[in-house]
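Now for the letters of each chain:
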Amino acid sequence: MIKVENLVKKYGSHIAIDNLSFEVEKGQIYGFLGPNGAGKSTTMNIMTGYLAASDGMVEINGHDILTEPEEAKKCIGYLPELPPLYPDMTVIEYLRFVAELKRVSKSERSGQINEIMGMVEIEDVSERLIKNLSKGYKQRVGLAQAIIGYPDVIILDEPMVGLDPKQIIEIRELIKKLSKNHTIILSSHILSEISTVCDYIMIISKGKLVASDTPEGLQKLMKKSTEIELTAFGDTDKAAEILSEIENIQSYSFEDASEENSIKVRILTEDNMDIRKELSVAFTSNDMPVLSMNKVEKSLEDIFLQLTETVDEDSDVDEEMIESEEITENTESKEEE
């Protein structure tokens, strides 16, 4: 479906994408994660043909985005972080304009537009000016333009940014519905949404792929040790004495406990060992009744923070430099046409 191989993008001396390679299979929802400055949007812009790569190759359904841009772009629908809307058009005028740009045949345009408006639930605002729509409806119109032409792949860059909780739920359900007939690549900073919606997750940091797996697979990958949270009646000195006698403990730390006369301890075990039974027996037999004990599961947020590094301020790309390069590339593209 999509093959990205040794992709490189440079802005002057700054490397935004560093030999990035991955493949996207048909019929799944892929989450694309990374901290600010990691190269997510740049990668998406190259995949959709908006930006040129410095090196490497992107194939969409066997079509190289550089040498066969028209054929490759027919396979992609793209919703950038800022939807490409014309505020002084009505919704229906805009979608007809997009259908014409995408060369949807005249005989199919009306039927396709009506079907897509129903799919994203914007029929009731079809005659309204886009500038008068709410943020949620504008996002739906942007999604509708991405679906026109029924591309095999839909790429969504931060589709839930700025939406309220109700709108987020609506867009999430819409994405799930679209995944029945389209492969979807979804970039988002809302990690809980990624884990809820996506079948597969790719995490990049500083332009490099640092992890690629299912949400469940990522959790297994990070489970090199087990963390246990235990709360018991007693004091820390006695608890430390008990813990020193138990095998397979890598480290432990005490925290404030909410219960009076109790202690709370986080225990990290070696080799992913589950020692809850040993802990229960040891504390109870030493007159420290256990109030609660839980095996702490790593969330997607924990995995994300562990796999990615904070992007240094001096590694940030100068926005004026990016904007200048984008304008240059778009101008050159128009001159070639």
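None of the values given here were measured: they were computed from a predicted structure. (Residues numbered from 1 in each chain as written. Predicted model: local features only at pLDDT ≥ 70, side-chain atom pairs only at ≥ 80, totals over all residues. Heavy atoms only, no water.)

1. Notes on the packing of aromatic side chains
- Under the definition given, this model contains 5 aromatic pairs.
- Geometrically, the ring pair formed by phenylalanine 22 and phenylalanine 32 is tilted, given 5.9 Å between the ring centres and 50° between the ring planes. Note that phenylalanine 22 is positioned in strand S2 (residues 14-24) and phenylalanine 32 in strand S3 (residues 29-33), a separation of 10 residues in sequence.
- Since its relative accessible area comes to 7%, phenylalanine 22 is described here as buried.
- Measuring from centroid to centroid gives 6.2 Å for tyrosine 86 and tyrosine 94, while their planes differ by 50°, and the two rings are tilted.
- Taking relative accessible area as the criterion, tyrosine 94 reaches 2% and is therefore assigned buried.
- Each residue in the set Tyr86, Tyr94 and Phe97 is aromatic and connected to the rest through ring pairs, giving one cluster. (Phe/Tyr/Trp six-rings, centres within 6.5 Å; stacked < 30°, edge-to-face > 60°. Helix = DSSP H or I, 4+ residues; strand = E, 2+ residues; numbered from the N terminus. Buried < 20%, exposed > 50% of the residue type's maximum accessible area, 1.4 Å probe, protein only.)

2. Considerations on the sheet that holds strand S6 (residues 76-79)
- A sheet is described by the order of its strands in space; here 6 strands give the open sequence S6-S7-S8-S3-S9-S10, paired in mixed fashion. At either margin of the open sheet sits one strand with a lone partner, and together these are S6 and strand S10 (208-213). Within the sheet, the average angular offset between the axes of one strand and its neighbour, ignoring direction, is 15°.
- Where strand S7 (residues 153-157) and strand S8 (residues 183-187) come together, 5 bridges link them in parallel fashion. Across the sheet, leucine 156 pairs through a bridge with leucine 186, a residue of S8.
- Each of S6 and S7 touches helix H5 (residues 135-147); the most contacted strand, S6, lies at about 165° to it. (Pairing = 2+ DSSP bridges. Axes fitted to C-alpha atoms, helices over the stretch in contact; angles between N-to-C directions. Contact = heavy atoms within 4.5 Å.)

3. Let's talk about a negative patch on the surface
- Together, Asp235, Asp237, Glu241 and Glu245 give the surface a local cluster of negative charge.
- By the secondary structure assignment, glutamate 245 is in the loop between helix H9 (236-244) and strand S12 (249-255).
- Exposure remark for glutamate 245: the relative accessible area of 65% places this residue in the exposed category. (Patch = residues over 30% accessible without salt bridge, like charges linked within 9 Å, V, L, I, M, F, W, Y side chains within 5 Å. Areas by Shrake-Rupley, 256 points an atom, 1.4 Å probe, with all protein chains shown as cover. Salt bridge = Lys/Arg side-chain N within 4 Å of Asp/Glu carboxyl O. Lys, Arg positive; Asp, Glu negative; His and termini not counted. Charge placed at Lys NZ, Arg CZ, Asp CG, Glu CD.)

4. Looking at the environment of glycine 34
- Summarising the element assignment, glycine 34 is placed in the loop between S3 and helix H1 (40-47).
- What makes glycine 34 buried here is its relative accessible area of 2%.
- Here glycine 34 is in contact with Lys40, His189, Ile204 and Phe304, once residues within four sequence places are set aside.

5. Observations concerning the nonpolar core
- Ranked by size, the top nonpolar core spans 48 residues in total, and within it Leu95, Ile122 and Ile175 carry the most contacts.
- Here this core gets 6 residues from one element, more than from any other, and that element is helix H3 (residues 91-101).
- With near-sequence residues (within four places) excluded, leucine 95 lies in contact with Ile113, Met117, Ile122, Val141, Ala144, Gln145 and Ile148. (Core = buried A, V, L, I, M, F, W, Y, C linked by side-chain atoms within 4.5 Å.)

6. Some details on the sheet that holds strand S4 (residues 55-60)
- Judged by pairing direction, the sheet is antiparallel, and its 4 strands sit side by side in the order S2-S1-S4-S5 without closing on themselves. Both outer strands of the open sheet, S2 and strand S5 (63-64), are each paired with one neighbouring strand and no more.
- This element, H1, spans strand S1 (2-11), S2 and S4 of the sheet and lies at about 120° to S1.

7. Focus: the pattern of salt bridges
- Applying the stated criterion across every chain, the model contains 13 salt bridges.
- Close ionic contact of lysine 74 with glutamate 71 constitutes a salt bridge, the shortest N to O distance being 3.4 Å.
- Given the relative accessible area of 51%, lysine 74 is considered exposed.
- Note that glutamate 229 and arginine 266 form a salt bridge whose closest N and O atoms lie 2.8 Å from each other. With a gap of 37 residues between them, glutamate 229 in strand S11 (residues 227-233) and arginine 266 in strand S13 (residues 262-269) connect regions that are remote in the sequence.
- For glutamate 229, a relative accessible area of 16% corresponds to the buried category.
- Take arginine 266: its relative accessible area is 24%, and that puts it in the partly exposed class.

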